[in-house]
Amino acid sequence: QVQLVESGGGLVQAGGSLRLSCAASGFIFRPNTMGWYRQAPGKQRGLVATITTGGSTDYADAVKGRFTISGDNAKNTVYLQMNSLKPEDTAVYYCRQDAGSHYNIWGRGTQVTVSS
């Protein structure tokens, strides 16, 4: 069974940076798409960024130019570099691996708090 473990969240001042990591373990099916999503209090979970095993990326408009998603297929790990953080980026960030009909799993999330 595939498991995802996120790390790298924390408290940072506005304008600062954080790097999130998501490590996948288990029997991983490829190709797949890995992504970061976030959920702020009282709001629905929404897309932040995705990356395919082929390296194609997609970003939410709110983070374009500030966040960068990257992957290391050898390490089964995906990263989210977050720069120029804003208070509105405060949320729980979740990692997701979508392997189509084979499985679609989520990590437990990591809290990111940006103070003004």
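Use the structure listed above.
Reference entry: report on the structure contained in this document. (Residues numbered from 1 in each chain as written. Predicted model: local features only at pLDDT ≥ 70, side-chain atom pairs only at ≥ 80, totals over all residues. Heavy atoms only, no water.)

1. As for the overall build of the chain
Part 1 of the argument: If you tally the helices and strands in the chain, you get zero helices and eleven strands.
Part 2 of the argument: When the helices and strands of the chain are read in sequence order from the N terminus, they spell out β-β-β-β-β-β-β-β-β-β-β.
Part 3 of the argument: Compactness check: the chain gives a C-alpha radius of gyration of 14 Å against a globular reference of 13 Å for 116 residues, within 12% of the reference.
Part 4 of the argument: Viewed in the frame of its principal axes, the chain has a C-alpha envelope of about 40 × 25 × 20 Å.
Part 5 of the argument: Residues classed as buried in the chain amount to 42% of the 116 residues present.
Part 6 of the argument: In the chain, 53% of the contacts between residues at least 6 apart in sequence involve partners at least 24 apart.
Part 7 of the argument: In the chain, which carries 11 positive and 7 negative side-chain charges, the distance between the mean positions of the two groups comes to 3 Å. (Helix = DSSP H or I, 4+ residues; strand = E, 2+ residues; numbered from the N terminus. Rg over C-alpha atoms; globule rule 2.2 N^0.38 Å. Buried < 20%, exposed > 50% of the residue type's maximum accessible area, 1.4 Å probe, protein only. Contact = heavy atoms within 4.5 Å. Lys, Arg positive; Asp, Glu negative; His and termini not counted. Charge placed at Lys NZ, Arg CZ, Asp CG, Glu CD.)

2. A few points about the sheet that holds strand β3 (residues 18-25)
Part 1 of the argument: Taken in spatial order, the four strands of this open sheet run β1-β3-β8-β7, and their pairing is antiparallel. Looking along the sheet, the strands with just one partner apiece sit at the ends: β1 (3-7) and β7 (67-72). When the angles between neighbouring strand axes are averaged without regard to direction, this sheet yields 15°.
Part 2 of the argument: When β7 meets strand β8 (residues 77-82), the two strands line up antiparallel, connected through six bridges. Residue pairing in the sheet places S70 in a bridge with Y79 of β8. (Pairing = 2+ DSSP bridges. Axes fitted to C-alpha atoms, helices over the stretch in contact; angles between N-to-C directions.)

3. Focus on the state of the cysteines
Part 1 of the argument: Under the defined criterion, the tally for this structure stands at one disulfide.
Part 2 of the argument: The disulfide bridge from C22 ends at C95, spanning 2.0 Å between sulfur atoms. As the torsion about the S-S bond is roughly -85°, the C22-C95 disulfide counts as left-handed. With a gap of 73 residues between them, C22 in strand β3 and C95 in strand β9 (residues 91-98) connect regions that are remote in the sequence. (Disulfide = S-S within 2.5 Å.)

4. Some remarks on the packing of aromatic side chains
Part 1 of the argument: Tallying each qualifying case throughout the model produces one aromatic pair.
Part 2 of the argument: In this structure, R45 is placed above the aromatic ring of W106, and the distance from its NZ or CZ to the ring centre is 4.6 Å. (Phe/Tyr/Trp six-rings, centres within 6.5 Å; stacked < 30°, edge-to-face > 60°. Lys NZ or Arg CZ within 6 Å of the ring centre and 35° of its normal.)

5. Here's the deal with the nonpolar core
Part 1 of the argument: The biggest cluster of nonpolar side chains holds 31 residues, and the ones touching the most others in it are W36, L80, M82 and Y93.
Part 2 of the argument: When residues in this core are grouped by element, the largest group, four residues, is from β3.
Part 3 of the argument: Those residues within four positions of L80 in sequence are excluded, and the remaining contacts are L18, R19, L20, W36, V48, A49, F67, T68, I69 and Y93. (Core = buried A, V, L, I, M, F, W, Y, C linked by side-chain atoms within 4.5 Å.)

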